[in-house]
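Fold and geometry: a report
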Amino acid sequence: MTYKQLPDIMYSEIYPTPVAEPNIVLYNHSLRTQLDLDETWYDADLLAGNQLPPQSTPIAQAYLGHQFGHLTMLGDGRAILLDEVITASGNRFDIQLKGAGKTPYSRGGDGRAALGPMLREYLISEAMHALHIPTSRSLAVVTTGETVQRERPLTGAILARVASSHLRVGTFQYAAHQAVIKPVADYTIDRHYPACRSADDRYACLLESVVQKQAELIAQWQSVGFIHGVMNTDNMALSGETIDYGPCAFMDTYRADQVFSSIDHAGRYRYSGQPFIAKWNLARLAETMLSLIDPDEDKALARAGQILDQFDFHFKQHWLKLFRKKLGLRQYQIGDSQWIDDFLLLLEQEQLDFTNAFVHLMDHPDAPLFSSEEGITWQMNWRQRINYPDDWDIARQIMIQVNPRVIPRNHRLEQAIQSAEAGDMSEFNELLAVVQTPFAEQVDQTWTQPPDPSQSFVSYCGT
Ligand code: AMP
Ligand code: MG
């Protein structure tokens with residue numbers, strides 16, 4: 001495990017706590033194949049931590065995190081890193097068990113997880129992957145045969161998840177605090193950004209690379225209406241993958257200020273705030289690396305500031321690229337950004353479903369999407385922009401590649417999780433299958449229907 005090359009302070013060796021009766025309830029066979037893992041990985045005892053892979057000396061990683069803006073000592077409180085694996089094509093991955101028992105970083109927690117939230121993470125991460133958005137993946141969910149006590153007793157479960165690493169902004173915050181930032185930054189460069197090794201200024205190159213990756217990632221989230229829900233610095237991966245799915249959800253009706261998380265009272269992690277928060281988190285990352293960027297503090301600050309400022313540019317570029325595709329535009333025009341904003345404003349005013357609005361344009365370019373005069377004009381203008389009907393085939397081709405028909409809708413996911421908790425996985429498996437082919441042209445309407453507008457949805461942290 002290469003992570004152990006880092007200073008000891010960065011982790012603790014810890015074994016998973018065995019569970020009573022492990023039982024595989026979900027397994028990702030295609031991921032096992034993609035990772036070149038042999039069949040020993042299809043084993044309930046191994047996936048629950050009752051038995052270890054050969055030569056595994058598991059660890060919990062230490063990190064800090066700004067949670068809702070406040071800095072706290074964290075670390076893997078219930079996740080244990082089992083192993084690193086390398087695929088035949090040379091890619092390295094972490095395999096981590098979430099809910100595997102207490103660690104030195106558990107603070108008051110029990111180190112365990114409940115079935116519902118683990119199923120939720122499994123399904124949403126696999127849906128994100130199918131949407132071509134960088135993410136941790138899910139290998140399996142195993143029930144433990146034990147109960148976890150939350151507001152009420154719940155079925156205990158463990159999620160085996162896979163990520164290209166679990167290095168977080170919070171990892172750097174902790175490393176800087178412990179005065180070991182250099183080896184941790186070098187390790188991150190080797191693992192994720194090897195092109196920076198030969199750069200004149202390798203640490204500025206590292207920061208720049210992470211800024212770019214995050215800008216791209218958040219633009220992708222925005223393009224599918226994904227709300228992470230807890231963008232704390234410990235939940236932001238330096239690889240640019242989406243990690244730590246908690247109270248996350250996809251928007252139904254478009255609302256720029258949509259919040260789902262029950263604990264996010266101030267709306268810090270609302271949809272429209274995600275780019276700003278990502279940049280805020282990256283500023284915390286930059287602070288940890290100042291001494292590496294330049295020994296002269298003023299120069300370091302100026303350079304870091306300059307790099308951070310690139311976030312807005314990269315984000316906007318990716319955002320424009322994606323939303324222009326969503327609307328089938330080929331030619332760039334001055335004013336595109338405003339024109340897309342106008343569209344989103346219309347969606348909000350008319351309380352339309354975000355996903356289905358794009359599908360409507362794709363399927364019925366002639367049928368009015370909006371009822372207002374302004375909206376009708378916008379759509380007419382849109383048809384002109386894509387040169388409808390002459391160039392419609394080309395525009396539609398662009399649109400079908402980026403506009404999903406199926407997203408994991410909250411009301412369906414909650415229902416499926418409830419049945420799963422009652423012992424029936426059939427609905428969950430059906431939902432999982434459809435979210436894994438989000439761009440399929442033929443899909444049963446039951447999966448694309450928004451919830452009844454009177455149903456308001458709140459998602460809980462689910463610890
Ligand atoms: P999260 O909001 O899921 O990213 O978790 C924040 C921190 O709380 C992380 O350090 C977790 O490891 C820790 N944590 C969450 N739930 C538990 C639990 N049941 N037992 C111990 N630690 C936990
Ligand atoms: Mg976390």
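A brief look at the structure comes next. Keep in mind that this is a model prediction, so the values were computed, not measured.

A word on the state of the cysteines. Applying the stated criterion across every chain, the model contains 1 disulfide. Cysteine 196 shares a disulfide with cysteine 205; S-S distance 2.0 Å. Its S-S torsion of about -75° marks the bond between cysteine 196 and cysteine 205 as left-handed, since a negative value means left-handed.

Close contacts around ligand 1 come from 18 residues, with Gly75, Gly77, Arg107, Asp110 and Gly111 the closest. Taking glycine 75, its main chain carries an N or O atom lying 2.6 Å from an oxygen atom of ligand 1. Contact distances for ligand 1 include 2.9 Å between a nitrogen atom and a backbone N or O atom of glycine 111. Relative to its free-state accessible area of 480 Å², ligand 1 is covered by the protein chains to the extent of 86%. A per-class count over the shell around ligand 1 returns 2 nonpolar, 8 polar and 8 charged.

This next bit is on the packing of aromatic side chains. The tally for this structure, following the rule as stated, stands at 21 aromatic pairs. Ring geometry for tyrosine 3 versus tyrosine 11: centroids 6.5 Å apart, planes at 65°, classification edge-to-face. Taken individually, tyrosine 3 and tyrosine 11 each receive the classification buried, so the pair is uniform in this respect. Taking 5.9 Å as the distance between ring centres and 85° as the angle between the ring planes, the aromatic pair formed by tyrosine 254 and tyrosine 271 counts as edge-to-face. Within this pair, whereas tyrosine 254 is found in the loop between strand E12 (249-250) and helix H7 (274-288), its partner tyrosine 271 is found in the loop between E12 and H7, the two being separated by 17 residues in sequence. Accessibility expressed as a relative area gives 4% for tyrosine 271, which makes it buried. Among the aromatic residues, those joined into a cluster by ring pairs are Tyr254, Tyr271, Trp319, Phe323, Trp339, Phe343, Phe354, Phe358, Phe370 and Trp378. Note that arginine 268 overlies the ring of tryptophan 280, its terminal NZ or CZ placed 4.7 Å from the centroid. Note that lysine 326 overlies the ring of phenylalanine 358, its terminal NZ or CZ placed 4.2 Å from the centroid.

Here we come to the coordination of the magnesium ion (ligand 2). Geometry reference: four tetrahedral donors at a metal, ideal angle 109.5 degrees. Six octahedral donors, ideal angles 90 or 180 degrees. Around the magnesium ion (ligand 2), the donor atoms from the protein are Asn235 (OD1) and Asp244 (OD), and they sit 2.0 to 2.2 Å away. Considered together, asparagine 235 and aspartate 244 belong to a single accessibility category, that of buried residues.

Our next topic: the side chain of arginine 112. Position of arginine 112 among the secondary structure elements: in the loop between strand E7 (92-98) and strand E8 (113-114). The charged side chain of arginine 112 is buried without a salt bridge, its nearest counter-charge being glutamate 146 at 4.2 Å. A distance of 2.9 Å separates a polar side-chain atom of arginine 112 from the backbone oxygen of glycine 99. When neighbours within four sequence positions are excluded, arginine 112 is seen to be in contact with Thr17, Pro18, Val19, Arg78, Gly99, Ala100, Gly101, Glu146, Val148, Arg150 and Ile158.

What counts, and at which threshold
Residues numbered from 1 in each chain as written. Chains lettered and ligands numbered in written order. Predicted model: local features only at pLDDT ≥ 70, side-chain atom pairs only at ≥ 80, totals over all residues. Heavy atoms only, no water. Disulfide = S-S within 2.5 Å. Near = heavy atom within 4 Å. Polar contact = N/O pair within 3.5 Å; in protein donor to acceptor, adjacent residues only side chain to side chain. Areas by Shrake-Rupley, 256 points an atom, 1.4 Å probe, with all protein chains shown as cover. Nonpolar A, V, L, I, M, F, W, Y, C, P; charged D, E, K, R; others polar. Phe/Tyr/Trp six-rings, centres within 6.5 Å; stacked < 30°, edge-to-face > 60°. Buried < 20%, exposed > 50% of the residue type's maximum accessible area, 1.4 Å probe, protein only. Helix = DSSP H or I, 4+ residues; strand = E, 2+ residues; numbered from the N terminus. Lys NZ or Arg CZ within 6 Å of the ring centre and 35° of its normal. Donors = N, O, S within 2.8 Å, 3.2 Å for Na, K, Ca; no water. Lys, Arg positive; Asp, Glu negative; His and termini not counted. Salt bridge = Lys/Arg side-chain N within 4 Å of Asp/Glu carboxyl O. Contact = heavy atoms within 4.5 Å.

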